[in-house]
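An overview of the molecular structure
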Amino acid sequence: VRTLRYEWKLLARQGVFWTLLILLWLCSCAAIWQGRLRVAQWERRQQELAVEETSRLQKLAQEAEALKADGKEFQALKDPRDPSEVGRRLGTKTLLLPSPPLFVLSVGVSDLWANIRLLSTDRPLFARENSDLDEPEGRLHGPMDGTFVVIVLLPVVLILLGYDYWSAEAESGRLLLILSSTSAARIFMTRLLLRWFLLVLPMLSLLVGAAVLQEPQALSRALAWGVIALVSTVPWLGLIVWVGSLGRSSSWNLLVLAGIWSLSLLVIPGFLQLFLSRIAPTPSMVETVLAVRQEQQALTWEKDDALKEIYVDHPEMQTKSPLPRAERSRLRFTAAERAWHAARPKLEELERALLVRESLAKRWSYLSPSLIGWECLSHAAGVSRHRYIEFHSQADQALEQWNQFFRARVFSAEPFHDYTAIPSPVWREWDWRLGSLGKELLFQIGLGGLLLLLGLRRIRKMERGVQRVSL
Amino acid sequence: MKRDGRLAVLTILLAVLSLVSLVAGFWRYKALEAEMSRAQTAERRVWTAQAPDNPHGASHFGVWAFRLPSAWLAFEPGVSQFVGSGVFLESHRENPALFSSAIDDPPPLRLSILSPGWVLLTIVPLLVSLLAAHSWSSEKDSGRLRLLLSLGVSPRALCLGKIFALWGACVVLLSPVLLVAYLILGGELIRFGALMVGLLASLGIAVLLGTGISLRAKNGSQAAFRTFALWLGFTFLLPSALAELTRVWYTSPNRSAIEQSRRDILKESEAAHKSHLDELQKRYSGPALDGRKFAANEQRDTEVTRAASRPTERQIELRRRALDSGGFLSPYLAARQLNMALAQSSSQAQEHFVEQAQDFRYDFVQQLNEALSSGEEEWKAGDWDRVRPFVFQPQPVEQIVREALTPLCALGLWLLLGFWFVLSARFKL
């Protein structure tokens, strides 16, 4: 307690510490503010879409009923009784991905992947990208979110406050005095741990608290996020203790720690990206486009054959149509299906390749604590790629269901009135457990613990050496 | 400085990082170029080998427009990985650009894309500024400075000597890499010259700020501390905060809001458009009428779409201006903007591509509608060649220079500020 009180008094006089603490708090508050804006924007957009969809479908149903009652003829392209136009354009629905549970804390891949999928018999093929009109420069510099604060800023602040815990004493001539007492290790550890606690715990409480306030159901996830964030600082603490214990000058310590930070956050990820793109290339989307285009082109030559092909499988659909343009609708429907089936193998290959790359990236991310931390925090926040791959796979299933619903109606060409029967798919939340990150968390704790032990051993050794000499 | 072991370490680090990033950038560029060329050729083949069809029907079949990358992307990929490189062009609708490569990369890798531009603007300034901070403070800490000054050396001359020596050494060390880059980039002298000026300025700023900080610091450790903190602020904190703030200040409507506004404008102009169509109906019949109606619809759709997107474009323009002025707040931002402008990997360059593609779309659709108006109800093999292929035209040099002017001015101001920062310091022993 006496050591703690002494260290606290020292710290209270250290302006740099409080400046950095305030800076970190400001950054955290900015990240939360931005996060809340992002969540509000996401929810507002989804709400607008849902309202627009409901009112549009209600209006269409009323129009269809009115036209039925009047017995009016079909109008090309905009008739609410035309099943082809309803399934393709007029009555489309959207599958919405709810905002990630801890979106207020992490952006992850959510600015790159689409969170809305249109359900239409036209089957939009290239729909996984977020084509919203965001400023790409924002994506280039990285969003300033909770993850950015924890992974990029927090280690720097820890380094800046702890790099000279040993060397400053040596440079001021107090080191021998401290080492000659029996509690040198305790003094140094108290110094570092006090700074660590004061920096990390209140800041993480702020971030987690904000996330819980925003999304009270995500309490366990938010706590898990906090634990992961806490654990991701352990390797840096261990590193500071170990580098400081080597007994070099303050500037040397700072250079080495800053170098390791740059390596971990900038250089290793850069090299890893290059390496992954060479050993696990993903099939190009352009190839998929070309496969689809070739199929579409072939279809321009085989219009009649394509319809015949369908009538062989479904003779019941070959009816004399009361609708004008019915044949055209069938052909359009078939074309969309064939394009979809041409693209599917390529898209599945892409998904498989992405998962292979992801698992390789996960394996190689042990090279850098920053990468592991980032990955774990994104997972916990629900903004990792896995949730989006799951969303798009559910959207593909919903599209299949949608097409099945409209296929019979397009081919029978009967007037469409049953708006209430149109499928309304709902997103099933992707399952996530903290346990799935056990290996990564253990690695972080293990690495930090090992470095801490090595550092402490060196301090004790020197302490014993000095005490032996003084005796 | 020659005796300083750190310079040797710096040389090796710089050489390895720069060369690896250059090779990586070149690989990336070559792969992208091959892919886009293949796609463009295949797309043309698909278009010209269509079955006989109605020209308007073919406009729904559409074409893909691809952006052929410039060799400069090997040096500075900029935002190119976050934006699409292909646009599907069809009648009645303006589609967004698709196929950004960033979606395939694991998210943590986004902060660092190994390219010469990134290494020279992120890692090199850190190393150089720390070295600059050390070169003065080590003299002070070891007591050599007192000795030197006692010999009658002017402190200002000594300081400037150190600055120019380090600055020069960096340029000499980087020159082989830049020479290789020059050969890869195709030897465009004006653009390369501007790139060199920007690079020299950003290295100079790093040296000046590092030295200025060490002149004011009590010891080497404090100088290194402050230099590192400043670099972090300039390179990460400020760009990220600025991007987020401008996103809040200049919120742009999303696609569904634009679609809604498009529908509203369509409704407003419905009566005038209908009367125009009625007029056409009175004067023409058959395919001549169809073609003219399609052309009128296309013209209206395009005008309405553009009118609906105008507020968004205005917001994006304002946001971009705010981001551009960020170069006056951080030399890193200024240098990065300059590199992106020169490499045509900025968001302006992307807009240039999308605009070009959409203009092509309008001409291509109207060409097909006009063919129908003139009575060509069906185009056969050979007719498809009449539609010229989309060939991406890079930004004209004047536009690139205009885009590069603001960051160049910002870098110039930073250099002046750097000199003032050094010269206004009091030389403490």
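Since the structure is predicted, the reported quantities are computational estimates derived from the model, not experimental observations. (Residues numbered from 1 in each chain as written. Chains lettered and ligands numbered in written order. Predicted model: local features only at pLDDT ≥ 70, side-chain atom pairs only at ≥ 80, totals over all residues. Heavy atoms only, no water.)

For the rest of this paragraph, the subject is the overall build of chain A. Looking only at helices and strands, one finds 17 helices and two strands in chain A. Relative to its length of 471 residues, chain A is extended, with a C-alpha radius of gyration of 30 Å against a globular reference of 23 Å. Overall, chain A is about 110 × 45 × 35 Å in size when its C-alpha atoms are taken along their principal axes. In chain A, buried positions account for 56% of the 471 residues. For chain A, long-range pairs separated by at least 24 residues make up 82% of all intrachain contacts whose partners lie at least 6 apart in sequence. As displayed, chain A has an accessible area near 20,400 Å², and 60% of this comes from carbon and sulfur atoms. (Helix = DSSP H or I, 4+ residues; strand = E, 2+ residues; numbered from the N terminus. Rg over C-alpha atoms; globule rule 2.2 N^0.38 Å. Buried < 20%, exposed > 50% of the residue type's maximum accessible area, 1.4 Å probe, protein only. Contact = heavy atoms within 4.5 Å. Areas by Shrake-Rupley, 256 points an atom, 1.4 Å probe, with all protein chains shown as cover.)

Listed by partner, the interface residues are 78 residues for chain A and 90 residues for chain B. Between chain A and chain B, roughly 7,800 Å² of surface is buried when both sides are summed, and carbon and sulfur atoms account for 66% of that area. Inspection of the chain A/chain B interface yields three salt bridges. Where R263(B) meets E52(A), a salt bridge forms, and the shortest distance between an N and an O atom there is 3.7 Å. Counting the contacts that link chain A with chain B gives eight residue pairs in polar contact (both at pLDDT 80 or more). Elements represented by at least two residues in the side of chain A that touches chain B include exactly α2 (15–70), α4 (136–141), α5 (146–162), α11 (250–279), α12 (285–301), α14 (326–364) and α15 (369–381) of chain A. Counting residues per element, the side of chain A that touches chain B draws most heavily on α11(A), at 17 residues. A per-class count over the side of chain A that touches chain B returns 41 nonpolar, 18 polar and 19 charged. (Buried area = accessible area lost by both parts, 1.4 Å probe. Salt bridge = Lys/Arg side-chain N within 4 Å of Asp/Glu carboxyl O. Polar contact = N/O pair within 3.5 Å; in protein donor to acceptor, adjacent residues only side chain to side chain. Nonpolar A, V, L, I, M, F, W, Y, C, P; charged D, E, K, R; others polar.)

Following the criterion strictly, the structure yields 39 aromatic pairs over all chains and no others. Members of the aromatic cluster, connected to one another through ring pairs, are W47(B), F61(B), F353(B), F360(B), F364(B), W379(B), W384(B), F390(B) and F392(B). The lysine or arginine in question, R248(A), covers the ring of W252(A), its NZ or CZ lying 4.3 Å from the ring centre. Of note, R409(A) hangs over the ring of F405(A), and the distance from its end group to the ring centre comes to 3.8 Å. (Phe/Tyr/Trp six-rings, centres within 6.5 Å; stacked < 30°, edge-to-face > 60°. Lys NZ or Arg CZ within 6 Å of the ring centre and 35° of its normal.)

With that out of the way, let us pick up the sheet that holds strand β1 (residues 63–66) of chain B. Paired through backbone hydrogen bonds, the strands of a sheet run either parallel or antiparallel to each other. All names here are of chain B. Pairing is antiparallel across the open sheet formed by three strands, whose spatial order is β1-β2-β3. For this open sheet the edge positions go to β1 and β3 (93–94), each flanked by a neighbour on one side alone. Across the face of the sheet, helix α12 (residues 347–373) comes into contact with β1, β2 (86–90) and β3 while running at roughly 20 degrees to β2. (Pairing = 2+ DSSP bridges. Axes fitted to C-alpha atoms, helices over the stretch in contact; angles between N-to-C directions.)

Let us now look at the side chain of S309(B). One can find S309(B) in helix α10 (residues 286–325). In this structure the side chain of S309(B) is engaged in a polar contact, spanning 2.6 Å, whose partner is the backbone oxygen of T305(B).

So, about a nonpolar patch on the surface. Residues and elements named next belong to chain A. A grouping of F275, I279, W364 and L367 is seen on the molecular surface, where their side chains present a nonpolar patch of about 360 Å² in accessible area. Tracing the backbone shows W364 in helix α14. According to the relative accessible area criterion, W364 is partly exposed, its value standing at 35%. (Patch = residues over 30% accessible without salt bridge, like charges linked within 9 Å, V, L, I, M, F, W, Y side chains within 5 Å.)

Another point: the nonpolar core. The tendency in soluble globular proteins is for nonpolar side chains to be buried side by side. Among the nonpolar cores identified, the biggest contains 206 residues, and W225(A) and W261(A) are the most heavily contacted of them. Per element, the largest residue contribution to this core is 16 residues, and it comes from helix α8 (residues 184–214) of chain A. Within the second largest apolar cluster, 21 residues are counted, among which are V46(B), F353(B), A357(B) and A371(B). (Core = buried A, V, L, I, M, F, W, Y, C linked by side-chain atoms within 4.5 Å.)

A word on a positive patch on the surface. All names here are of chain A. Taken together, the side chains of R2, R5, K9, R13 and R186 define a basic patch exposed on the protein surface. Looking at the positive patch element by element, the count peaks at three residues for helix α1 (residues 2–12). Topologically, K9 is positioned in helix α1. For K9, a relative accessible area of 52% gives the class exposed. (Lys, Arg positive; Asp, Glu negative; His and termini not counted. Charge placed at Lys NZ, Arg CZ, Asp CG, Glu CD.)

Our next topic: the packing of α8(A) against helix α9 (residues 219–231) of chain A. Residue and element names in this part refer to chain A. Here α8 crosses α9 at 155 degrees, and the two axes come no closer than 9 Å. In this view, α8 runs roughly antiparallel relative to α9, as classed from their interaxial angle. Judged by the sense of rotation from one axis to the other, the crossing of α8 with α9 is right-handed. Facing W196, V200, L201, L204, L207, V208, A211 and V212 of α8, the residues of α9 in contact are L219, A222, L223, W225, G226, A229 and L230. A class-by-class count of the residues in the contact of α8 with α9 yields 14 nonpolar, one polar and no charged. (Parallel < 35°, antiparallel > 145°, perpendicular 65-115°, else oblique. Left-handed = near helix turned anticlockwise from the far one by under 90°.)

With 96% of its residues at a pLDDT of 70 or more, chain B has an overall mean of 86. Here the predicted complex scores 0.85 on pTM and 0.80 on ipTM. (pLDDT = per-residue confidence, 0-100.)

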